[in-house]
Amino acid sequence: QYAGYLAYGRIQELRGNREAARIFLKKAAGVRELVNGAWWDEKGKFFYSHLGADYKLQGRSGLDLLYRDIVDDGPKARSAVSELLAAIKKGPSSAVEGQSHQAEVLFRYGIPDVAYTQMMDLTRANRARREYPEVPYSVIGAMVTGLMGITVDPVSPFQAPAEGDFVDRIVRTLPGLGTIDWAELRNVPIRANEVAVRHEGGRKSVCTNQVGPALIWQAAFDGAHETLLIDGQPTRARIDKRPLGRVTSSVRV
């Protein structure tokens, strides 16, 4: 419900319908407030997972809320992540329907090594139900958006003139390699383009625009750095805060 309201609100923004966008973004905010309020056990410091037959909130939740990005940052996000990590430790190979989403979430919250382990478990040769569609779709998605950190950062059309130099879509990369030395992905279709991205650890990234018009690349790295090198030239970096106290530095090219 939260994701639906949020997406529809953004669609109305793209159409220039400010009032409709405001209404549905407000609805999304209301659902978020409900989840972070009524569905949060303040005493136990955890989220409930479901409503029981007696209409009382029960269970403990982590993955579903993190996947929809509805959890407030801080203690609530830490609780949900801890719940997810505890579930993985208890059952490293769980049902593919749920496990297929774990890598994407873990990459998003800066836990790449556990995310990679989950991807490899889903794709091992003797994995039960590996042929289920959840597995290939989610693993490829996690490789692109998590391991390689390739995403399209949208800016509201109303904000683009002020914050994006009239550009409302930027290709961002953020290495999620963890202990992996390097990784490279080629021929990635992004709108009218195809790009190749290579990461060498968490310190160097190369992006090649293989096909299509010029684009803006926002190269991001973990940590707070005053400058980053673009082709050897020091360039002032932009510092961004992410969930759980994570900080990244980036430059636009």
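Since this is a predicted model, take the numbers as computed values, not measurements.

Visitor: Sorry if this is basic, but what is going on with the overall build of the protein chain here?
Guide: Tallying secondary structure elements over the protein chain gives 9 helices and 14 strands in all. Approximately 14,700 Å² of the protein chain is accessible, and the part contributed by carbon and sulfur atoms is 54%. Mean positive and mean negative side-chain charge positions of the protein chain (34 and 29 charges, respectively) differ by 2 Å.

Visitor: Can you walk me through the pairing of strand 11 (residues 227–230) in this structure?
Guide: Consecutive residues of a regular strand have side chains that alternate between opposite faces of the sheet. By the bridge criterion, 4 bridges tie strand 11 to strand 12 (residues 233–236) in an arrangement that is antiparallel. When the sheet's bridge partners are listed, Thr227 is paired in strand 12 with Arg236. The hairpin turn running from strand 11 into strand 12, its antiparallel successor, is 2 residues long, and Asp231 in that turn takes a positive phi close to 50 degrees.

Visitor: It is not clear to me how the environment of Thr248 should be interpreted in this structure. Could you clarify?
Guide: Within the secondary structure, Thr248 is located in strand 14 (residues 247–252). In this structure, the C-alpha to C-alpha distance between Thr248 and Ala128, residues 120 residues apart in sequence, is 38 Å. Not counting residues up to four positions away in its chain, the partners in contact with Thr248 are Leu174, Phe221, Asp222, Gly223, Arg238, Ile239, Asp240 and Arg242.

Visitor: What's the story with the packing of helix 1 (residues 2–14) against helix 2 (residues 18–37) in this structure? I'm lost.
Guide: The description of two helices packed together rests on the angle between their axes and the distance between the axes. Their axes nearest at 8 Å, the elements helix 1 and helix 2 cross at an angle of 160 degrees. As summarised for this structure, helix 1 and helix 2 are arranged roughly antiparallel, according to the angle between their axes. Considering only the axes of helix 1 and helix 2, their crossing is left-handed. Here Tyr2, Tyr5, Leu6, Tyr8, Gly9, Arg10, Gln12 and Glu13 of helix 1 come into contact with helix 2, specifically with Ala20, Ala21, Phe24, Leu25, Lys27, Ala28, Val31 and Arg32.

Visitor: Can you walk me through the pattern of salt bridges in this structure?
Guide: Side-chain pairs of opposite charge can arise where the charged atoms are in close proximity. One pass over the structure, following the stated rule, counts 14 salt bridges. Linking Arg22 and Glu19 is a salt bridge whose minimum nitrogen-to-oxygen distance equals 2.6 Å. On the criterion of helical spacing, the pair formed by Arg22 and Glu19 is a turn pair, its members being 3 residues apart in helix 2. Judged by its relative accessible area of 44%, Arg22 falls in the partly exposed class. A network of salt bridges, in which partner residues are shared, links Glu184, Arg186, Arg198 and Glu200.

Visitor: For this particular structure, what's the right way to read the sheet that holds strand 8 (residues 193–200)?
Guide: In a beta sheet, neighbouring strands are held together by backbone hydrogen bonds and run either parallel or antiparallel to one another. Taken together, 3 strands build an open sheet; the order of strands is 7-8-9 and the sheet is antiparallel. Edge positions in the sheet fall to strand 7 (182–190) and strand 9 (204–211), since each of these pairs with one other strand and no more. Strand after strand, the sheet turns through a mean of 15 degrees between neighbouring axes, direction not considered. In the sheet, strand 7 pairs with strand 8 via 7 bridges, with the strands oriented antiparallel. Of the residues in strand 8, the one forming a bridge with Leu185 is Val197.

Visitor: Which parts of the structure should I look at to understand the sheet that holds strand 13 (residues 238–241)?
Guide: Spatial ordering of the open sheet is given by 5-6-10-14-13, a layout of 5 strands whose pairing is mixed. Each edge of the sheet is formed by a strand with only one pairing partner; in this case those strands are strand 5 (151–154) and strand 13. For this sheet, the mean inter-axis angle between neighbouring strands, taken without regard to orientation, is 35 degrees. Inspection of the sheet shows strand 6 (residues 169–173) paired to strand 10 (residues 217–222) by 3 bridges, in the parallel sense. Residue pairing for strand 10: Thr173 is matched across the bridge by Ala219.

Visitor: Please clarify how the packing of helix 7 (residues 112–123) against helix 8 (residues 134–147) should be interpreted in this entry.
Guide: The N-to-C vectors of helix 7 and helix 8 enclose an angle of 150 degrees; their axes lie 10 Å apart at closest approach. For the element pair helix 7 / helix 8, the angle class is roughly antiparallel. Considering only the axes of helix 7 and helix 8, their crossing is left-handed. Packed against helix 7, whose contacting residues are Met119, Leu122 and Thr123, the element helix 8 presents Val135, Val139, Ala142 and Met143 at the interface. Within the contact of helix 7 with helix 8, the residues separate by chemical class into 6 nonpolar, 1 polar and no charged.

Rules and cut-offs
Residues numbered from 1 in each chain as written. Predicted model: local features only at pLDDT ≥ 70, side-chain atom pairs only at ≥ 80, totals over all residues. Heavy atoms only, no water. Helix = DSSP H or I, 4+ residues; strand = E, 2+ residues; numbered from the N terminus. Areas by Shrake-Rupley, 256 points an atom, 1.4 Å probe, with all protein chains shown as cover. Lys, Arg positive; Asp, Glu negative; His and termini not counted. Charge placed at Lys NZ, Arg CZ, Asp CG, Glu CD. Pairing = 2+ DSSP bridges. Contact = heavy atoms within 4.5 Å. Axes fitted to C-alpha atoms, helices over the stretch in contact; angles between N-to-C directions. Parallel < 35°, antiparallel > 145°, perpendicular 65-115°, else oblique. Left-handed = near helix turned anticlockwise from the far one by under 90°. Salt bridge = Lys/Arg side-chain N within 4 Å of Asp/Glu carboxyl O. Buried < 20%, exposed > 50% of the residue type's maximum accessible area, 1.4 Å probe, protein only. Nonpolar A, V, L, I, M, F, W, Y, C, P; charged D, E, K, R; others polar.

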